[in-house]
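Structural features, examined
Here is how the chains run, residue by residue.
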Amino acid sequence: MRMLVKGAGVAGLTAAFELAVRGATVTVAETRHALGGNASWFAGGMLAPWCECESAEQPVLDLGRDAADWWDAVLPGQVTRAGTLVVAAPRDAGELDRFASRTSGHRRVDEDEIALLEPDLVGRFRRGLLFPDEAHLDPRQAMAALHDKLAAMGVEFRFGADARHISGFDRQIDCTGMAAEDDGLRGVRGEMLILRTPDISLSRPVRLLHPRFPLYVVPRTDHRFMVGATMIESQSTEPVTARSMMELLSAACALHPAFGEAEIVEAGVGVRPAFPDNLPRIETSGNTVAINGLYRHGFLLAPAMARQAAELFFNQVRTKELAHETDGQRRGA
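Keep in mind that this is a model prediction, so the values were computed, not measured. (Residues numbered from 1 in each chain as written. Predicted model: local features only at pLDDT ≥ 70, side-chain atom pairs only at ≥ 80, totals over all residues. Heavy atoms only, no water.)

Quick look at the sheet that holds strand E1 (residues 2-6)
Spatially, E8-E2-E1-E9-E17-E16 is the arrangement adopted by the six strands of the open sheet, whose pairing is mixed. Whereas interior strands pair on both sides, the edge strands pair on one side only; in this sheet they are strand E8 (156-159) and strand E16 (281-285). Going across the sheet, the axis of each strand differs from the next one's by a mean of 20 degrees, ignoring polarity. One ladder, built from three bridges, connects strand E9 (residues 171-174) with strand E17 (residues 288-292); its direction is parallel. Each residue of the ladder has a partner; that of Asp-174, found in E17, is Ala-290. (Pairing = 2+ DSSP bridges. Helix = DSSP H or I, 4+ residues; strand = E, 2+ residues; numbered from the N terminus. Axes fitted to C-alpha atoms, helices over the stretch in contact; angles between N-to-C directions.)

Comments concerning the side chain of Arg-140
Looking at the secondary structure, you find Arg-140 in helix H7 (residues 139-152). Residues contacting Arg-140, with those up to four places away along its chain left out, are Trp-41, Phe-42, Met-192, Ile-194 and Glu-266. (Contact = heavy atoms within 4.5 Å.)

A few points about the side chain of Glu-191
By the secondary structure assignment, Glu-191 is in strand E10 (residues 186-196). Among the polar contacts listed, one links the side chain of Glu-191 to the side chain of Arg-189, at a separation of 2.9 Å. At 2.5 Å, the side chain of Glu-191 forms a polar contact with the side chain of Ser-244. Residues contacting Glu-191, with those up to four places away along its chain left out, are Gly-228, Ala-229, Thr-230, Ile-232, Val-240, Thr-241, Ser-244, Leu-248, Gly-268 and Val-269. (Polar contact = N/O pair within 3.5 Å; in protein donor to acceptor, adjacent residues only side chain to side chain.)

Let's talk about the pattern of salt bridges
Taken as a whole, this structure holds 25 salt bridges when the rule is applied. One salt bridge connects Arg-107 with Glu-113, and the closest N-O pair in it is separated by 2.6 Å. Its relative accessible area of 38% is what places Arg-107 among the partly exposed residues. The partly exposed category is assigned to Glu-113, whose relative accessible area is 22%. Taken together, the shared-partner salt bridges connect Arg-196, Asp-222, Arg-224 and Glu-263 into one network. (Salt bridge = Lys/Arg side-chain N within 4 Å of Asp/Glu carboxyl O. Buried < 20%, exposed > 50% of the residue type's maximum accessible area, 1.4 Å probe, protein only.)

Side note on unusual backbone geometry
Here Gly-228 and Ala-229 are connected by a cis peptide whose omega angle stands at -15 degrees. Looking at the secondary structure, you find Ala-229 in the loop between strand E13 (224-228) and strand E14 (232-233). Phi angles above zero are rare outside glycine, and Asp-222 is one such case at about 60 degrees. Mapped onto the secondary structure, Asp-222 falls in the loop between strand E12 (215-219) and E13. A relative accessible area of 43% means that Asp-222 is categorised as partly exposed.

Topic: the nonpolar core
One recurring pattern in soluble globular proteins is that nonpolar side chains are buried together. Leu-19, Val-26, Leu-47, Trp-71, Leu-146 and Phe-299 are the most contacted members of the largest nonpolar core, which totals 51 residues. Elements that contribute at least two residues to this core include exactly E1, helix H1 (10-21), strand E2 (25-30), helix H3 (58-64), helix H4 (67-74), H7, E17 and helix H9 (298-332). Once you skip the residues sitting within four places of it in the chain, Val-26 turns out to touch Met-3, Val-5, Ala-16, Leu-19, Ala-20, Gly-154, Val-155 and Glu-156. Of all hydrophobic cores here, the second largest spans 26 residues; its members include Leu-208, Leu-215, Phe-225 and Ala-262. (Core = buried A, V, L, I, M, F, W, Y, C linked by side-chain atoms within 4.5 Å.)

Any functional reading would require information that these geometric values do not contain.
Encoded structure:
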């Protein structure tokens, strides 16, 4: 079966993998001229289904629970399984209790255990929540590694290509996010910073709860940290605003004052595609299946959505084959 995957973000790459391992001949078409630059490129890479349920519905936990295992199996060495630490300033202790009441899979930690988990945060927070089964990865490294693996598996990539002018395929999966022709989608703008400082070391993502601008800080290589992210109901891809940068930097400094001396390596904007209920969907139309609406959970939900879409395609094929066999048996009887 010849399959066309439209879009080389995390949804498209994971879909291409699930199709290829089932024996399909896969081509990925991407309008950009190279990997990156889409919403996936600016993601935090947190595989944190329990934390996300603070504001997300149960399907996010159900779909994302096995995401770390999927990424670890497909790209060994890319996933760090150190959990997620959630903290709040003493004056915001109520935010921590609220977060705990809306989530599961955590245990409470005190000041001493926070210091053991993250020595650079010693003395800064009295209470926190540890989600020990969560994980994280570097989205850009993961996307590059998955692209290379797919290419080695025989998947063809066509960058700078308009999929509307590509033909000759049995089926296609539309993973184009905000570029898809779907009136039900809305854009949620997320702004992020990458800071570099050798004065701080973190072993896991740390979420700082704040009633006005909660944030997360995700450690990367080379003393870099991804700081994010705003959630603004907008499809604008214009540069990060001064207000957002000040709020992100202020919150980062509240986590640790050494961030005040960090280098701002990058400021980026990604527009996440979301449906009104903020849950992902798989929709079919003829020979096309669309995966969309991953919202702020791209790397967390993409593996499960890709599996479902691939199984849908191959189940359709098996159903048609069985129907042909039954019809042939009738004619031969």
